[in-house]
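A look at the structure
Chain residues, written in single-letter form:
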Amino acid sequence: MKQFIVIIAAIVVTVMIYINFQPTETEEIDASWIMGEIRGIGKLSVYQNTYSSDVLDSNESEILKKDFTDKFSTKRLVLFYNATLKLGFDMEKIKIEPNPDFKKVYVSIPKIEVTSHNVEKTKDVKIVLEENGWWNSLQIEDQDKIIEGAKRKKEEEILKEVSQKETEKFKEYLAGEIRKFTTYEVTFDPIPEINNNNH
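These notes cover the structure that comes with them. Here the structure is a predicted model, which means the values were calculated and not measured. (Residues numbered from 1 in each chain as written. Predicted model: local features only at pLDDT ≥ 70, side-chain atom pairs only at ≥ 80, totals over all residues. Heavy atoms only, no water.)

A short note on the sheet that holds strand S5 (residues 104-108)
Our working rule: Any two strands between which DSSP finds at least two bridges are classified as paired. Put simply, DSSP H or I for four residues or longer makes a helix, DSSP E for two residues or longer makes a strand, and each gets a number counted from the N terminus. Helix axes use the C-alpha atoms of the stretch in contact, all axes being lines fitted to C-alpha atoms, and the angles between their N-to-C directions lie in the range 0 to 180 degrees.
Pairing is mixed in the open sheet, where 3 strands are placed in the order S4-S5-S8. This sheet does not close on itself; its edge strands, each paired only once, are strand S4 (95-99) and strand S8 (185-187). Mean inter-strand twist for the sheet, computed between neighbouring axes without regard to direction, equals 20°. Both S5 and S8 contribute to a ladder of 3 bridges, which runs parallel. Its bridge partner lying in S8, Lys104 is registered against Glu185.

Some points on a negative patch on the surface
We apply this condition: Patches draw on residues past 30% relative accessible area with no salt bridge. Two like charges within 9 Å are joined, as are two nonpolar side chains (Val, Leu, Ile, Met, Phe, Trp, Tyr) within 5 Å. Accessibility throughout is a Shrake-Rupley quantity obtained with a 1.4 Å probe, and a residue counts as covered only by protein chains that appear here. Salt bridge criterion: a side-chain nitrogen from Lys or Arg within 4 Å of a carboxyl oxygen from Asp or Glu. We score Asp and Glu as negative and Lys and Arg as positive, and we do not count His or the chain ends. Here the site of a charge means NZ on Lys, CZ on Arg, CG on Asp, or CD on Glu.
Side chains of Asp54, Glu156, Glu157 and Glu161 sit close together on the surface and give a patch of like negative charge. For Asp54, the location among the structural elements is in the loop between strand S1 (43-52) and strand S2 (56-57).

Here's the deal with unusual backbone geometry
Backbone geometry follows two general trends: most residues other than glycine have a negative phi, and most peptide bonds adopt the trans configuration. The phi angle at Lys103 is positive, at roughly 55°, despite the residue not being glycine. Secondary-structure assignment places Lys103 in the loop between S4 and S5.

Considering the environment of Leu56
Selection criterion: Each residue's exposure class comes from its accessible area (1.4 Å probe, protein chains only) as a fraction of the maximum for that residue type: buried when under 20%, exposed when over 50%, partly exposed otherwise. Contacts: residue pairs with any heavy atoms within 4.5 Å of one another.
Its place among the elements puts Leu56 in strand S2. On the basis of relative accessibility, which here comes to 16%, the residue Leu56 falls in the buried class. Along the primary structure Leu56 and Phe80 are separated by 24 residues, whereas in three dimensions their C-alpha atoms are 5.8 Å apart. In this structure Leu56 touches Leu77, Val78, Leu79, Tyr81, Ile146 and Ala150, once residues within four positions along its chain are discounted.

A few points about the nonpolar core
Convention followed: Grouping buried Ala, Val, Leu, Ile, Met, Phe, Trp, Tyr and Cys residues that are joined through side-chain atoms within 4.5 Å yields what is termed a nonpolar core.
Ranked by internal contacts, the top residues of the largest apolar core, which has 41 residues, are Tyr81, Met91, Ile94, Ile96, Val107, Phe170 and Leu174. Counting only elements with at least two residues in this core, the list comes to helix H2 (31-39), S1, helix H3 (62-68), strand S3 (76-90), S5 and helix H5 (140-179). Considering every element that reaches this core, the biggest residue donor is H5, with 10 residues. Beyond its immediate sequence surroundings of up to four residues, Val107 is in contact with Ile94, Lys95, Leu174, Ile178, Val186, Thr187 and Phe188.

Things to note about the side chain of Ser45
We count it as follows: Counting of polar contacts relies on pairs of N or O atoms within 3.5 Å, with two restrictions inside protein: one atom must be capable of donating a hydrogen and the other of accepting it, and residues adjacent in sequence are counted only when both atoms are side-chain atoms.
Tracing the sequence through the fold places Ser45 in strand S1. A distance of 2.7 Å separates a polar atom in the side chain of Ser45 from a polar atom in the side chain of Thr115.

Topic: the pattern of salt bridges
In the structure shown here, the tally under the stated rule is 9 salt bridges. Between Lys43 and Glu113 there is a salt bridge, with the nearest N and O atoms lying 2.9 Å from each other. With a gap of 70 residues between them, Lys43 in strand S1 and Glu113 in strand S6 (residues 113-118) connect regions that are remote in the sequence. We classify Glu113 as buried; its relative accessible area is 19%. For Asp142, the salt bridge identified is with Lys75, shortest N-O distance 3.0 Å. In this pair, Asp142 sits in helix H5 while Lys75 sits in the loop between H3 and S3, placing the two residues 67 residues apart along the sequence.

On their own, these measurements won't tell you what the molecule is for.
Encoded structure:
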């Protein structure tokens, strides 16, 4: 599934650029046009992880205990869920800056981010145990409190694990697409400052 997403991403960007790009006789690259085409894609997912959560027990979380306990009783909810987490890039934040003097195209990309993290309560959430307290009963939002906390933790773990690898792969892919339309070197180095002083 992960390879499928990357292939589809490559096809989308390549086709959009190829259809509209008109090469000129001189070595020029229309950065504003290319950025417009790329940004039109929106958020592009490059990584997908479908997983089952650990069994989550409200009694085992110090944070949740405050919400599940009153002065006289404690309610309890134990569940696990299935989810699909996707990471990708906000294509609207990509910047392209050609520099004829250096014969380079400088490219700036945003940090990889969570593009979606879906849990469908009707089919993805499995209740293991429900216990109402004497004075406080379980509510629908109690599921959200457990699931959202677990989702945030999962996102942090996955981002830490794959961010560097997926970012490098995305850079290679994006550079390859740009190289199809220019002989300039494509680099992700910081864009150099232009000296506007008169000589």
